[in-house]
Amino acid sequence: EEKIESGLEKSRRGIFSQVAALFDREEITDSTWEELEELLIAADVGVETTLMLLDVLQDRVEAERIRRPSELRKALKEELQAILDSAPNQPVEVNDGELLVMLIVGVNGVGKTTTVAKLAHKFASEGAKVVVGAADTFRAAAIDQLQIWGERAGVPVIAGAPNSDPAAVVHDALAAARSRSADVLIVDTAGRLHTKYNLMEELKKIQRVIDRNGSPAQENLLVLDATTGQNGLVQARKFAQAVHLDGVVLAKMDGTAKGGIAFAIVNEMKIPIRYLTTGEKLGDIAEFDSKDFVNALLG
Ligand code: GDP
């Protein structure tokens with residue numbers, strides 16, 4: 001928790017500190033509402049979600065006869081948390097002896113490969129038997145990186161030859177996971193968005209391979225880079241069309257002074273945030289907690 005708090009320091013000191021400052025004033029005025037709207041949009045909360053929040057808050061101010069800025073601050077925190085709880089996060093459950101396949105998707109550069117390594121490290125250190133599948137066969141560097149991470153974390157990494165069929169790698173990784181009686185198979189996927197090549201068809205094919213191999217328990221996670229703001233929403237819509245998404249990993253939360261993208265994603269996609277990542281080291285990942293998150297941003 002402490003680590004997450006320090007990882008969210010930049011967001012707290014950034015635009016959300018200006019939001020908090022609105023409530024240190026003597027009274028709630030028209031300008032409070034205008035500034036709140038501007039700041040929430042600037043914090044990546046998104047226009048749609050910001051307008052919805054303001055509507056709800058203005059209704060509450062009237063119905064509950066809210067006069068003091070401190071009461072408005074409390075109402076804002078409650079409504080922000082209500083948004084996050086509209087798609088509540090449930091911790092990923094790893095059951096002994098029952099294979100869970102985690103498919104990690106996202107565009108290049110968001111922090112996908114690092115997230116795969118962090119999750120592998122996390123589950124392995126919790127005692128689970130973990131196997132990693134390196135199905136991003138275009139990027140030899142991503143495979144190398146995973147193999148280095150895997151060695152460090154003591155986790156076997158199943159990789160195909162460069163440019164081989166990613167679905168075949170997933171097939172092999174499933175077989176390897178089963179033969180080792182693994183609890184979790186974490187699959188890294190490609191993320192290049194190119195016109196001549198269809199990433200979404202590739203992901204669908206991988207999903208079919210998993211389905212054909214006994215449909216193990218599955219957790220499909222989309223990794224989004226918190227520093228790229230509203231782009232995340234565009235990416236989420238795209239990936240959701242190709243594969244079922246169970247949750248989002250918001251990566252690089254330590255690198256943004258905004259931090260509001262979580263609210264836009266959950267409100268507009270109704271997909272829970274599962275994890276936050278807050279640094280480049282293996283341990284820099286945490287389960288998402290809506291209450292802690294809102295407290296970290298607004299104190
Ligand atoms: P991929 O292309 O999506 O697989 O992205 P990578 O996992 O290779 O990460 C891209 C870059 O972002 C690398 O330099 C990582 O070290 C860095 N990175 C990944 N996660 C985080 C994070 O949570 N915080 C910070 N500051 N950097 C990160």
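Predicted, not measured: the structure shown is a model, and the values here were computed from it.

About the cut-offs
Residues numbered from 1 in each chain as written. Predicted model: local features only at pLDDT ≥ 70, side-chain atom pairs only at ≥ 80, totals over all residues. Heavy atoms only, no water. Helix = DSSP H or I, 4+ residues; strand = E, 2+ residues; numbered from the N terminus. Rg over C-alpha atoms; globule rule 2.2 N^0.38 Å. Buried < 20%, exposed > 50% of the residue type's maximum accessible area, 1.4 Å probe, protein only. Contact = heavy atoms within 4.5 Å. Areas by Shrake-Rupley, 256 points an atom, 1.4 Å probe, with all protein chains shown as cover. Lys, Arg positive; Asp, Glu negative; His and termini not counted. Charge placed at Lys NZ, Arg CZ, Asp CG, Glu CD. UniProt positions renumbered as here; feature names shortened; annotations may be inferred. Core = buried A, V, L, I, M, F, W, Y, C linked by side-chain atoms within 4.5 Å. Near = heavy atom within 4 Å. Polar contact = N/O pair within 3.5 Å; in protein donor to acceptor, adjacent residues only side chain to side chain. 1 Å grid on protein atoms, 1.4 Å probe; cavity = no way out; pocket = protein on both sides within 12 Å on 5 of 7 lines; lining within 4 Å. Sits in = over half its atoms within 2 Å of the grid points. Nonpolar A, V, L, I, M, F, W, Y, C, P; charged D, E, K, R; others polar. Axes fitted to C-alpha atoms, helices over the stretch in contact; angles between N-to-C directions. Parallel < 35°, antiparallel > 145°, perpendicular 65-115°, else oblique. Left-handed = near helix turned anticlockwise from the far one by under 90°. Pairing = 2+ DSSP bridges. Salt bridge = Lys/Arg side-chain N within 4 Å of Asp/Glu carboxyl O.

(A) Molecular detail of the overall build of the protein. When helices and strands are counted, the protein shows 13 helices and eight strands. Scaling as 2.2 N^0.38, a compact globule of 299 residues should have a C-alpha radius of gyration of about 19 Å, and the protein matches this with 21 Å. Oriented by its inertia axes, the alpha-carbon framework of the protein measures out at about 65 × 40 × 30 Å. Taking all 299 residues of the protein together, 54% fall into the buried category. Long-range contacts, defined here as pairs at least 24 residues apart, represent 77% of the contacts in the protein between residues at least 6 apart. Of the accessible surface of the protein, which amounts to about 13300 Å², a share of 46% is contributed by carbon and sulfur atoms. Counting 34 positive and 46 negative side-chain charges, the protein places the averaged centre of each group 4 Å from the other.

(B) Here's a closer look at unusual backbone geometry. In this model, Arg65 sits at a positive phi of 50°, which is unusual for a non-glycine residue. With respect to the element layout, Arg65 can be found in the loop between α5 (47-63) and α6 (69-85). By relative accessible area, which is 63% here, Arg65 ends up exposed. One non-glycine residue, Lys270, adopts positive backbone phi at about 55°.

(C) Geometry of the UniProt feature "domain: Signal recognition particle SRP54 helical bundle" (unreviewed entry) in the protein. The UniProt entry lists residues 4-84 under the feature "domain: Signal recognition particle SRP54 helical bundle" (unreviewed entry), expressed in the numbering used here. Structurally, residues 4-84 comprises 78% helix and 0% strand, and the distance from its first C-alpha atom to its last is 17 Å.

(D) A look at the nonpolar core. Formed by 106 residues in total, the largest nonpolar core has its most connected members in Leu36, Met102, Phe123, Ile186, Leu250, Phe263 and Phe293. Each residue touching Leu36, except ones within four places of it in the same chain, is listed here: Val19, Leu22, Phe23, Leu54, Leu57 and Leu76.

(E) The arrangement of the site of the ligand in detail. The environment of the ligand is made up of 17 residues, and the closest members are Gly109, Lys112, Thr114, Thr277 and Glu280. Note that an oxygen atom of the ligand is positioned 2.4 Å from one of the side-chain N or O atoms of Thr114. Between Arg139 and the ligand, the recorded distance is 3.0 Å, taken from a side-chain N or O atom to an oxygen atom. Burial of the ligand by the surrounding chains reaches 79%, relative to a free accessible area of 580 Å². Among the cavities detected, the one that contains the ligand is the largest pocket. Among the residues making up the shell around the ligand, the classes are represented as two nonpolar, nine polar and six charged.

(F) Region of the structure containing the packing of α6 against helix α12 (residues 261-269). Contact geometry for α6 and α12: axes closest at 8 Å, N-to-C directions at 50°. By the angle between their directions, the pair α6 and α12 is classed as oblique. By crossing handedness, the relation of α6 to α12 is classed as left-handed. Residues Leu80, Ile83 and Leu84 of α6 form the contact with α12, whose own contacting residues are Ala262, Phe263, Val266 and Asn267. Among the residues forming the contact of α6 with α12, the class breakdown is six nonpolar, one polar and no charged.

(G) Summary view of the pairing of strand β5 (residues 217-225). Within β5, seven of the nine residues are buried, which leaves the element mostly enclosed by the surrounding structure. The pairing of β5 with strand β6 (residues 247-251) spans five bridges and is parallel. Pairing of Asp225 across the sheet is with Ala251, part of β6.

(H) Local environment of the pattern of salt bridges. In this structure the tally under the stated criterion is 14 salt bridges. Of the charged contacts in the structure, one is a salt bridge between Glu9 and Arg13, with a shortest N-O distance of 2.7 Å. Taken together, the positions of Glu9 and Arg13, both in helix α2 (residues 9-13) and four residues apart, correspond to about one turn of that helix. Residue Glu9 is classed as partly exposed on the basis of its relative accessible area, which comes to 28%. With relative accessibility at 61%, the residue Arg13 sits in the exposed group. A salt bridge links Arg60 to Glu64, with the shortest nitrogen-to-oxygen separation between them at 2.9 Å. Under the relative-accessibility criterion, Glu64 is labelled partly exposed at 44%.

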